[in-house]
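Chain and residue survey
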Amino acid sequence: MSLKTFLRKVIRIVLPLGLGCLLLWYLYQDQDLSQMMTTVKTGVRYDIIFLSLLFGLGANIARGFRWGLLIDSLGKRVGRLNTVLAVLGSYAINMALPRVGEIWRCGIISKYEKVSFSKLLGTLFIDRVMDTLIVGLLTLCVAVFNISFFNRYFSEHPEFLTGFSAFFSSVWIYAALIVAGSCLWLMFTRLSHLSFVQKIKQLLLNVWEGIKSLWKMKHKVRFILQTAMIWGGYFLYFYITFYAFDFTRDLGPRIGLIVFTMSSIAVAVPVQGGIGVWHFAVISTLICFGVSESDASAFALVVYTVQSVLWIVSTGIISILTLPVINRGK
């Protein structure tokens, strides 16, 4: 590996992690750590936190089964244990390398189940599109029925609206889109005879074949039910933790859904495990509903540490180590 390639890979890992840690430091730098640690040590029902972990595990198992349905539509039935373990392992990898886990799970299934890697990418695209649609629907529902919350939230955090406005009003964004579109048109029309262009076209065709698997799927109702199980499980995974703290116990499922939706949007940011961004979304939303900054910070610290750092990583590592054992004959 050349030094340039090595440095590029290091930057891809270190930069998002550094930004997440910087945001984390910003959130906690002015906190009364002694008061927050008192809450962490004596003000948390950890048995309830541990109960919530089962719903997160169940949701990810359902995701593995749903991905298996998509892959089956390519014409080859794959082992569900493999898809479940690959999904669990991918989340652990994403904690270290953002978005690399998705590529890894396609690679590991391609290796053990002998399915085209590029077609698996197509099924993964459908998997992520469904997640985006669900989060979009949740956000729309929350916005429609809780418009006062969003008015208050954006008035207290005007930097979000400023950032969006600056992004979409920048002439460079549209110039870059025009240049990129022109380059793609030139490549696929005037340079289509080149070998690397033909390889790209074949890759895109395979990805499209994977995307079409949704229409070829025989068990669409099962796919929808599993999608409901995934997101119902994720919500309970998060909301049950409200009952572990005195200051969130009485907030109710409506506010729980709002905080869950904001945290789901934050996870989309390409930072390892959403670190920092997830904390900011949860803390700032809880504060909007009357939770003190210290208590909200303690909530985010405990829930993220147990659910993401300990649970996701440990189940993921176990899955990664289990895969070669159960596939040793392949």
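To keep things clear, this report deals only with the structure shown in the data block. (Residues numbered from 1 in each chain as written. Predicted model: local features only at pLDDT ≥ 70, side-chain atom pairs only at ≥ 80, totals over all residues. Heavy atoms only, no water.)

1. Brief notes about the overall build of the protein
- Each helix and strand in the protein was counted, giving 15 helices and zero strands.
- Within the protein, the fraction of its 330 residues that count as buried is 45%.
- Sequence separation of 24 or more characterises 72% of the internal contacts of the protein that already satisfy a separation of 6 or more. (Helix = DSSP H or I, 4+ residues; strand = E, 2+ residues; numbered from the N terminus. Buried < 20%, exposed > 50% of the residue type's maximum accessible area, 1.4 Å probe, protein only. Contact = heavy atoms within 4.5 Å.)

2. Re a nonpolar patch on the surface
- Together, Trp185, Leu186, Leu191, Leu194 and Phe196 make up an exposed nonpolar region whose accessible area comes to about 450 Å².
- We classify Phe196 as partly exposed; its relative accessible area is 43%. (Patch = residues over 30% accessible without salt bridge, like charges linked within 9 Å, V, L, I, M, F, W, Y side chains within 5 Å. Areas by Shrake-Rupley, 256 points an atom, 1.4 Å probe, with all protein chains shown as cover. Salt bridge = Lys/Arg side-chain N within 4 Å of Asp/Glu carboxyl O.)

3. A closer look at the environment of Ala296
- Checked against the element boundaries, Ala296 lands in helix H15 (residues 293–326).
- Note: C-alpha distance between Ala296 and Ser284 (twelve residues apart in sequence) is 8.0 Å.
- Look past the residues within four positions of Ala296 in its chain and what remains in contact with it is Ile283, Leu286, Ile287 and Val291.

4. Concerning the packing of helix H3 (residues 46–72) against H15
- It is the contact of H3 with H15, at a shortest axis distance of 11 Å, that shows an interaxial angle of 50 degrees. In this view, H3 runs oblique relative to H15, as classed from their interaxial angle. Between H3 and H15 lies a crossing of right-handed hand. From H3, Tyr46, Ile49, Phe50, Ser52, Leu53, Leu57 and Asn60 reach across to H15, where they touch Val302, Val303, Val306, Gln307, Trp311 and Ile312.
- Its residues placed into classes, the contact of H3 with H15 shows ten nonpolar, three polar and no charged. (Axes fitted to C-alpha atoms, helices over the stretch in contact; angles between N-to-C directions. Parallel < 35°, antiparallel > 145°, perpendicular 65-115°, else oblique. Left-handed = near helix turned anticlockwise from the far one by under 90°. Nonpolar A, V, L, I, M, F, W, Y, C, P; charged D, E, K, R; others polar.)

5. Side note on the packing of helix H4 (residues 80–96) against helix H5 (residues 100–113)
- The interhelical angle for the contact between H4 and H5, taken along N-to-C directions, is 150 degrees, at an axis separation of 8 Å. On the basis of the axis angle, H4 is roughly antiparallel to H5. With respect to the hand of their crossing, H4 and H5 are arranged in right-handed fashion. Seen from H4, the contacting residues are Asn82, Thr83, Ala86, Val87, Gly89, Ser90, Ile93 and Asn94; seen from H5, they are Val100, Gly101, Glu102, Trp104, Arg105, Ile108, Ile109, Tyr112 and Glu113.
- Within the contact of H4 with H5, the residues separate by chemical class into eight nonpolar, six polar and three charged.

6. A closer look at the packing of aromatic side chains
- Per the stated rule, a full pass over the model turns up 15 aromatic pairs.
- For the pair Phe238 and Trp278, a centre-to-centre distance of 6.3 Å together with 80 degrees between the ring planes defines the contact as edge-to-face. Of the two residues, Phe238 sits in helix H12 (residues 220–239) while Trp278 sits in helix H14 (residues 277–288), which places them 40 residues apart along the sequence. Summarising the burial analysis for this pair, Phe238 and Trp278 share the class buried.
- Ring centres 6.0 Å apart and planes at 80 degrees place the aromatic pair Phe238 and Phe299 in the edge-to-face group. Of this pair, Phe238 sits in helix H12 while Phe299 is found in helix H15, placing the two residues 61 residues apart along the sequence. Of the two residues examined, Phe238 and Phe299, each falls in the buried class. (Phe/Tyr/Trp six-rings, centres within 6.5 Å; stacked < 30°, edge-to-face > 60°.)

7. A word on unusual backbone geometry
- If you check the backbone angles, Lys114 has positive phi at about 60 degrees while not being a glycine.
- Mapped onto the secondary structure, Lys114 falls in the loop between H5 and helix H6 (117–145).

8. Structural notes on the nonpolar core
- Trp67 and Leu286 are the most contacted members of the largest nonpolar core, which totals 75 residues.
- Here the element with the most residues in this core is H15; it accounts for ten residues.
- Those residues in contact with Trp67 that sit more than four places away from it in its chain are Thr83, Ala86, Val87, Arg105, Cys106, Ile109, Leu120, Thr123 and Leu124. (Core = buried A, V, L, I, M, F, W, Y, C linked by side-chain atoms within 4.5 Å.)

9. What to know about the side chain of Thr285
- Locating Thr285 in the fold gives a position in helix H14.
- Under the relative-accessibility criterion, Thr285 is labelled buried at 0%.
- Within the structure, Thr285 has its side chain in polar contact with the backbone oxygen of Ala281 (distance 2.6 Å). (Polar contact = N/O pair within 3.5 Å; in protein donor to acceptor, adjacent residues only side chain to side chain.)

10. Regarding H5
- With 14 residues, H5 extends 20 Å between its outermost C-alpha atoms, agreeing within 8% with the 20 Å of an ideal straight helix rising 1.5 Å per residue.
- Listing the buried residues of H5 in full gives Gly101, Glu102, Arg105, Cys106, Ile108, Ile109, Ser110, Tyr112 and Glu113.
- On the buried face of H5, the contacting elements are H3, H4, H6 and H15.
- At the C-terminal side of H5, Lys114 shows a positive phi close to 60 degrees. (Expected span 1.5 Å × (residues − 1).)

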